[in-house]
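Examination of the molecular architecture
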Amino acid sequence: MSLEQDRSAPPASTSAPASASAADVKLSGWKEQQVKKAVQSLLKWVGQQKDKSSTLFDEEEVLYMQIAFKKMPMQPRKDKPVPLPLPHPLYTTEGQSICLFVKDAADGQGGKDAKKKLAKLEKNGGVAKVVDTTKLRTKYESHEAKRKLCKSFDLFLADDRVLPSLPKLIGKSFFKKKKQPIPIDLRKSNWAAEVKKACACTYLFKGSGTCINIKVARSSFTAQQVEDNIHAALCAGVQHMPKKWANVQGVFLKTADSVALPLFQTLPDAPQKIAK
């Protein structure tokens, strides 16, 4: 069966669509034909791996765009991600299982208050489980409990007020699996809108390394949807990096287990001679 068949498109974003195309990519030597070739090759490879697998679970693969820089961005790592709107969202409030981390109230009823408010929203506002910081410290104290929680949900959101304290509470599993909680503003009255807005974006986590990985698609997307998201995420993401387009050494597409297929590569800058 062709990989382009039976790939259902995710529902359209409720926010303004991210508009970007190959013409918006300001990289000399960027070839759209190379992008198409890489996308089709990776989708084909994912399909072949799925056919070989004996698992009974029909799990989607996440596709990552990897951006390599000519020079290491001299900036500290920030756990608060930068949202990058996508024309074809990776997540929807109807299609994925979402967990929300909330701040404890003074009376310790933070989670219960959130549940009461979410219960009034259609389908709990897209959130399947609410966990407050006290429960993270107690029920999910062990490494095994943290790993199990990480595996149980597709997406994790968090009240932005508790984001700084979460790395110690949730452990390394979330960061290894690229499931860092996404901050949302629960001080606003329309929680459902905040959840939907978070689902409509992918996220750039700034660091001090020479490469960053951005989730851009799922293996159930069509090749065109993957290409659209690559253009949107690349054009938006580069704007948040030092020297922007001038610092891009290469752009690649991969899954967690595949080789990185090149979308764009350029030679490194010639070393500068030190005057005597």
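Residues numbered from 1 in each chain as written. Predicted model: local features only at pLDDT ≥ 70, side-chain atom pairs only at ≥ 80, totals over all residues. Heavy atoms only, no water.

Per an unreviewed UniProt entry, the chain carries the name Ribosomal L1 domain-containing protein 1 and comes from Tetrabaena socialis.

What to know about the nonpolar core
Just so we agree on the cut-off: Nonpolar cores were defined as sets of buried Ala, Val, Leu, Ile, Met, Phe, Trp, Tyr and Cys residues, with membership established by side-chain atoms within 4.5 Å. Burial classes: relative accessible area under 20% of the type maximum marks a residue as buried, over 50% as exposed, and values in between as partly exposed (1.4 Å probe, protein chains only). Helix and strand definitions follow DSSP, with helices as H or I runs of at least four residues and strands as E runs of at least two, each counted in order from the N terminus. These domain boundaries are the output of an automatic or database domain assignment. Here, two residues are considered to be in contact whenever any of their heavy atoms come within 4.5 Å of each other.
By size, the foremost hydrophobic cluster in this structure holds 54 residues, and its most contacted members are W30, I230 and L234. The element that contributes the greatest number of residues to this core is helix α8 (residues 223-238), accounting for 8 residues. When residues are assigned to domains, this core turns out to be shared by domain 1 (31-49 + 59-78 + 206-265) and domain 2 (92-199), each giving three or more. Those residues in contact with W30 that lie beyond four places of it in its chain are A22, V25, V35, I230, H231, L234, V251, L263 and F264. Counting 18 residues, the second largest nonpolar core, distinct from the first, contains L149, L166, L169 and F175.

A short note on the layout of surface pockets
Selection criterion: The method works on a 1 Å grid over the protein atoms by themselves. A cavity is a set of points holding a 1.4 Å probe that cannot get out, a pocket is an open set with protein on both sides within 12 Å along at least five of seven lines, and residues with an atom within 4 Å of a point line them. Grid points are joined across faces, edges and corners, and a volume is the space filled by probe spheres set on the points. Residues are grouped as follows: Ala, Val, Leu, Ile, Met, Phe, Trp, Tyr, Cys and Pro are nonpolar; Asp, Glu, Lys and Arg are charged; every other residue, Gly included, is polar.
There is about 480 Å³ of room inside the second largest pocket. Along its surface, the second largest pocket is lined by 26 residues, and K178, Q180, Y203, F205 and N213 are the ones closest to its centre. Elements represented by at least two residues in the lining of the second largest pocket include exactly β5 (155-159), β7 (201-204) and β8 (211-218). When its residues are assigned to classes, the lining of the second largest pocket shows 14 nonpolar, 5 polar and 7 charged. Two domains each donate at least three residues to the lining of the second largest pocket, and these are domain 1 (31-49 + 59-78 + 206-265) and domain 2 (92-199).

Here's the deal with the state of the cysteines
Rule in force here: Disulfides are defined as cysteine sulfur pairs within 2.5 Å.
In total, this model carries 0 disulfides according to the counting rule given. Unpaired in terms of disulfides, C199 finds its nearest cysteine sulfur in C201, a separation of 9.4 Å. A relative accessible area of 2% places C199 in the buried class. For C201, a relative accessible area of 9% puts it in the buried group.

Overview of the environment of W30
Residue placement: W30 occurs in the segment before α1 (32-52). A relative accessible area of 11% places W30 in the buried class. Each C-alpha atom of the pair W30 and Q265 lies 8.4 Å from the other, and the pair is 235 residues apart in sequence.

Describing unusual backbone geometry
Non-glycine residue K178 carries a positive phi angle of around 55°. With respect to the secondary-structure elements, K178 resides in the loop between α6 (173-176) and β6 (182-184). Among the residues examined, K178 registers a relative accessible area of 39% and is labelled partly exposed. For K243, which is not glycine, the phi dihedral falls at a positive 65°. With respect to the secondary-structure elements, K243 resides in the loop between α8 and β9 (248-254). The exposed category is assigned to K243, whose relative accessible area is 60%.

Topic: the pattern of salt bridges
Filter applied, for reference: We count a salt bridge whenever a side-chain nitrogen from Lys or Arg sits within 4 Å of a carboxyl oxygen from Asp or Glu.
For the structure on display, the rule yields 8 salt bridges. R161 is paired through a salt bridge with D159; the nearest N and O atoms lie 2.6 Å apart. Its relative accessible area of 41% is what places R161 among the partly exposed residues. Put simply, K197 and E194 hold a salt bridge, and the shortest N to O gap is 3.6 Å.

A closer look at the packing of aromatic side chains
What counts is decided by this rule: Ring geometry is summarised as follows: Phe, Tyr and Trp rings, the Trp one being its six-membered ring, pair when their centres sit within 6.5 Å, and such pairs are stacked at plane angles under 30 degrees, edge-to-face over 60 and tilted between the two.
Scanning the model with the defined rule gives 5 aromatic pairs in all. An angle of 35° between the planes, with centres 6.4 Å apart, marks the rings of W30 and F264 as tilted. Here F264 lies in strand β10 (residues 261-265) and W30 lies in the segment before α1, a separation of 234 residues in the sequence. With a centroid separation of 6.3 Å and an interplanar angle of 65°, the aromatic rings of F101 and F174 are classed as edge-to-face.

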